[in-house]
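Single-letter residue listing:
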Amino acid sequence: MISIKNKYDFDCDVLIVGGGPAGSGLAYHLSKAGTKVIVVEAATFPRDKVCGDGISPIALAELHAMGITDTDRFKRANEISQVGLFIKNDKVVVNLSKPDHLPHHARIIPRLELDSWIYEAAKEVGTRFLEDTRFCRYQITDLGVITFLKTGSRHFAVSSKIIIGADGSSSGVARQLHGVKSSDQFQLLGLRAYYEEVSGPNNRVDIFFSKESFPGIYWMFPKGEKGANIGMAMVSATLPQKPAHVKQLLQRHIENNEDIAERIGAGKLQGKILGWPITFFNAGSILTDNRILLVGDAAGLINPLSGDGIQYALLSARWASEVVIQSVALNDFSAGQLKAYRTKVDKELAYDFAFSNFLVQFARNKSLSAVWMEIISTLIARAKVDKPYADTIAGIFEGTYPSYKALNAEFIAKSLLQGGIRGFESMLSMAQNPGSVLATGNHIVQSAGQFLNEINSTSNEQAKWLGALLNRGLSVAGHTINHLINTRTANK
Ligand SMILES: Cc1cc2nc3c(=O)[nH]c(=O)nc-3n(C[C@H](O)[C@H](O)[C@H](O)COP(=O)(O)OP(=O)(O)OC[C@H]3O[C@@H](n4cnc5c(N)ncnc54)[C@H](O)[C@@H]3O)c2cc1C
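The numbers attached to residues start from 1 for each chain and follow its sequence in the written order. In keeping with the predicted nature of the model, local features appear solely for residues at pLDDT of at least 70, side-chain atom pairs appear and are counted solely at 80 or more, and the whole-chain, interface and lining totals rest on all residues. The side-chain quantities take in all heavy atoms of the structure and omit both hydrogens and water.

(A) Molecular detail of the site of the ligand. Around the ligand, the surrounding shell holds 37 residues, and the nearest of these are Glu41, Arg47, Gly52, Gly54 and Asp297. Any pair of N or O atoms that falls within 3.5 Å is considered a polar contact. Within protein, one atom must be able to donate a hydrogen and the other to accept it, and sequence-neighbouring residues count only if both atoms are side-chain atoms. One of the backbone nitrogen or oxygen atoms of Ala42 is found 3.0 Å away from a nitrogen atom of the ligand. One nitrogen or oxygen atom from the side chain of Lys49 is found 3.2 Å from an oxygen atom belonging to the ligand. Here the shell around the ligand is built from residues that sort into 17 nonpolar, 11 polar and 9 charged. In this structure, the shell around the ligand is formed jointly by two domains, domain 1 (14–53 + 110–182 + 282–350) and domain 2 (185–279), each of which donates at least three residues. Whether a residue is near a molecule or strand depends on its heavy atoms: it is near if one of them lies within 4 Å of it. Ten residues, namely Ala, Val, Leu, Ile, Met, Phe, Trp, Tyr, Cys and Pro, are considered nonpolar, four, namely Asp, Glu, Lys and Arg, are considered charged, and the remaining ones, Gly among them, are considered polar. As annotated, the domain borders come from an automatic or database domain assignment.

In structure tokens, the structure reads:
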């Protein structure tokens, strides 16, 4: 007689691949609720991760709720209360106003420390970690999931009711789920260098824009004790050419930019300049299916405009935990049940990410760099004289203010007005110095000529760029309509 085994002994309820903020954060919430969790992590803690180390107030609120900010070591972490925005010959320093509902100002915390704190919190509530162990592939069966792993030369498998991909921007779990690698249309390249013995101020992060290397932006984030994290992020697929030597761009910027040279002072590079891909949100990609779910960078939850990802890793971890705890209680890990997580991600983040993607698609076209520099100069000029306006811009970079909210009529009107003032100032200066008209006129003709030449020589690529821009524009339009409908319904 065949006996049918209706109760299967799983090694754990939930297998999480990756122990960064998303994986360890999720493990913390699940273990605290009594769920049996195993985290598989390729590295051993404490482990480094290439990052700007900027921890936004929203991320800190998540850590606060986990009890991680009650410690002395957190209190020693470098607090940030100002942001400097630099463009050639101009800058603005904005005081960061802490939103009332968030407990902390931003901090700079090296990931070697931060990620260990989250890992330790998860361990304390009962998560089991398999470190120095790599995910190879998963197999979903009628009963559960078998995940194939490797430690050194030893291969083994673990069974669970669900598998969660929290394995970062080059996620193997996401690759198997999607069947393809993520497109470079949704990728940034990031670089980070640590410096020691730099000059102050310690409470200010600086962001630098320059036409030569746009669409790359540079940062200098002080980590206290005279150390600093200096780095850059750049769109992977730019037009017309790809950034072949990104490391050289960062080195050149450090050597030649007067503002950053002043802050580095006699500071010295510690270790190597390290790079890392940043995969950002593709609204079309699958985040959940039968017995599988993606969180953090593995789900592409990075804002391409600010480069912030830690807050989304922690938020998505908490949202996923709420759905998975319910799945365990119902013993239902179907795609239909897990879809509630996707709905939450879309509701909270999709509009902001769609708008940021749209702007990044513009920046991808290097032929428009001069236009961008003019826009950034206009924003900086206005931010110098208008505190609420400056707060909006700082909030977008700090990750506390969704970029689409900057689309409000007041912000646009102020920007246009500032653009008008700058135009008027240029006209005045031309009137005082007629020779400059010729120089400016020549410059405009040259730029326009260069732009047209580039359009002609790369017309296929430009057509693709325009197609992608329209696509992202339509996505923003869809979200705007939904947002307006929801706001109206809520106000009725
Ligand atoms: C240059 C740069 C600067 C950045 N600056 C900032 C910033 O200032 N502020 C901010 O908020 N965000 C920043 N980000 C983004 C931020 O680093 C990520 O969003 C964040 O690390 C996401 O956390 P995560 O847990 O999803 O992934 P990760 O932190 O990448 O963790 C994934 C984990 O999975 C493990 N893993 C990978 N593959 C496997 C495998 N096959 N088997 C087992 N384990 C595996 C890895 O070892 C890793 O520990 C930056 C990113 C870059 C590249």
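(B) Region of interest: the packing of helix 1 (residues 21–32) against helix 4 (residues 111–124). Orientation of helix 1 relative to helix 4, taken along the N-to-C sense of each, is 20°, at an axis distance of 8 Å. Between helix 1 and helix 4, the angle falls in the class roughly parallel. In this structure, helix 1 crosses over helix 4, and the sense of that crossing is left-handed. Facing helix 1, whose interface residues are Pro21, Ser24, Gly25, Ala27 and Tyr28, helix 4 presents Arg111, Asp115, Ile118, Tyr119, Ala121 and Ala122. Of the residues that constitute the contact of helix 1 with helix 4, the class distribution is 7 nonpolar, 2 polar and 2 charged. Geometry is summarised by axes, namely lines fitted to C-alpha atoms with helices restricted to the contacting stretch, and by angles between N-to-C directions that run from 0 to 180 degrees. Note on conventions: DSSP H or I runs of at least 4 residues are helices, E runs of at least 2 residues are strands, and numbering of each starts at the N terminus. To sort the angles, those under 35 degrees are grouped as roughly parallel, those over 145 as roughly antiparallel, those from 65 to 115 as roughly perpendicular, and the leftovers as oblique. Less than a right angle of anticlockwise turn of the near helix away from the far helix marks a crossing as left-handed, whereas a clockwise turn marks it as right-handed. Residue contacts follow a heavy-atom distance rule, with two residues in contact if any of their heavy atoms lie within 4.5 Å.

(C) Region of the structure containing helix 6 (residues 246–256). Buried within helix 6 we find Val246, Leu249, Leu250, His253 and Ile254. Viewed end-on, helix 6 has its buried residues packed into an arc of 130°, placing them on one side of the element. Those residues of helix 6 that are exposed and angled more than 90 degrees off the buried face are Glu255 and Asn256. Next to the buried residues of helix 6 lie strand 13 (187–196), strand 14 (204–209), strand 15 (216–224), strand 16 (227–235), helix 7 (258–264) and strand 17 (268–279). Relative accessibility thresholds used throughout: buried, under 20% of the residue-type maximum; exposed, over 50%; partly exposed, between the two (1.4 Å probe, protein chains only). The directions from the helix axis to the C-beta atoms are what the arc is built from.

(D) Quick peek at the packing of aromatic side chains. In this analysis, rings of Phe, Tyr and Trp, with Trp reduced to its six-membered ring, are considered paired at centre separations within 6.5 Å, and the interplanar angle assigns stacked below 30 degrees, edge-to-face beyond 60, and tilted for intermediate values. Going through the model one piece at a time under the given rule, you end up with 9 aromatic pairs. Aromatic pair Phe45 and Phe129: ring centres 6.3 Å apart, planes at 75°, arrangement edge-to-face. Here Phe45, found in the loop between strand 2 (37–40) and strand 3 (54–55), pairs with Phe129, found in strand 8 (residues 128–130); they are 84 residues apart in sequence, far enough to count as distant. An aromatic cluster is defined as three or more aromatic residues linked by ring pairs; in this entry it consists of Phe45, Tyr119 and Phe129. Looking at Arg154, its charged tip hangs above the ring of Phe156, at a distance of 4.4 Å from the centre. Think of it as a cone above the ring: NZ of Lys or CZ of Arg counts as a charge over the ring if it is within 6 Å of the ring centre and within 35 degrees of the ring normal. The ring of Tyr194 has Lys223 sitting right over it, with the charged end atom 4.9 Å from the ring centre.

(E) The arrangement of the packing of helix 1 against helix 8 (residues 310–330) in detail. Look at helix 1 against helix 8: their axes get within 8 Å of each other, and the N-to-C directions meet at 35°. Considering only the axes of helix 1 and helix 8, their crossing is right-handed. In this structure, helix 1 contributes Pro21, Ala22, Gly25, Leu26, His29 and Leu30 to the contact, and helix 8 contributes Ile310, Ala313, Leu314, Ala317, Arg318, Ala320, Ser321, Val324 and Ile325. Taken together, the residues that form the contact of helix 1 with helix 8 break down as 11 nonpolar, 3 polar and 1 charged.

(F) Inspection of the nonpolar core at higher detail. Grouping buried Ala, Val, Leu, Ile, Met, Phe, Trp, Tyr and Cys residues that are joined through side-chain atoms within 4.5 Å yields what is termed a nonpolar core. Grouped together as the largest cluster of nonpolar side chains are 71 residues, with contacts concentrated most on Ile16, Leu63, Ile164, Leu301 and Tyr341. Sorting elements by how many residues they give to this core places helix 8 first, with 10 residues. Dropping the residues within four chain positions of it, Leu63 is found in contact with Ile55, Ile68, Thr69, Leu114, Ile118 and Leu314. The next biggest cluster of nonpolar side chains, apart from the first, holds 25 residues, and it includes Leu85, Phe209, Ile376 and Ile393.

(G) Examining the confidence of the model for the protein more closely. Predictor confidence is given residue by residue as pLDDT, running from a minimum of 0 to a maximum of 100. Per-residue confidence for the protein gives a mean pLDDT of 82, with 74% of residues at or over 70. The model gives residues 1–6 a pLDDT under 50, and that stretch makes 0 contacts with residues more than four places away or in other chains. Counting contacts from residues 434–445, a segment whose pLDDT is below 50, to residues more than four positions away or on other chains yields 4 contacts.

(H) Main features of helix 1. Between the first and last C-alpha of helix 1 there are 16 Å, a value that for 12 residues agrees with the 16 Å anticipated at 1.5 Å per step. Most of helix 1 is tucked away: 11 of the 12 residues are buried. Among the residues of helix 1, Pro21, Ala22, Gly23, Ser24, Gly25, Leu26, Ala27, Tyr28, His29, Leu30 and Ser31 are the ones counted as buried. At the C-terminal side of helix 1, Gly34 shows a positive phi close to 90°. Expected helix span is given by 1.5 Å per residue-to-residue step, counting one fewer step than there are residues.

(I) The arrangement of the environment of Leu26 in detail. Positionally, Leu26 belongs in helix 1. Assessed through its relative accessible area of 0%, Leu26 is described here as buried. Here the alpha-carbon distance between Leu26 and Ala122, two residues 96 residues apart in the chain, equals 8.4 Å. Leave out the neighbours within four places in its chain, and Leu26 touches Ile16, Pro21, Ile164, Ala317, Ala320 and Ser321.

(J) The arrangement of the sheet that holds strand 5 (residues 82–87) in detail. In space, the 7 strands of this open sheet follow the order 6-5-14-15-16-13-17, with mixed pairing throughout. Every interior strand has two partners, whereas the edge strands, strand 6 (90–95) and strand 17, have only one. Each strand of the sheet is rotated relative to its neighbour by a mean of 15°, with strand direction disregarded. Whether two strands pair comes down to DSSP finding at least two bridges between them. Relative to strand 17, strand 13 runs antiparallel, the two being bridged by 9 bridges.

(K) Here's a closer look at the sheet that holds strand 7 (residues 107–108). Strands sit in the order 3-7-4 across an open sheet of 3 strands; the sheet is antiparallel. With one partner strand each, in any of the chains shown, strand 3 and strand 4 (78–79) form the two edges of the open sheet. Looking at chain direction, strand 4 and strand 7 are connected through 2 bridges and run antiparallel. When the sheet's bridge partners are listed, Asn78 is paired in strand 7 with Ile108.

(L) View of the side chain of Ser316. The residue Ser316 is located in helix 8 in this model. Judged by its relative accessible area of 0%, Ser316 is buried. A distance of 2.8 Å separates the side chain of Ser316 from the backbone oxygen of Tyr312, its partner in a polar contact. For Ser316, the side chain forms a polar contact with the main-chain oxygen of Ala313, separated by 3.1 Å. Excluding residues that lie within four positions of it along the chain, Ser316 makes contacts with Val295, Gly296, Leu301 and Tyr341.

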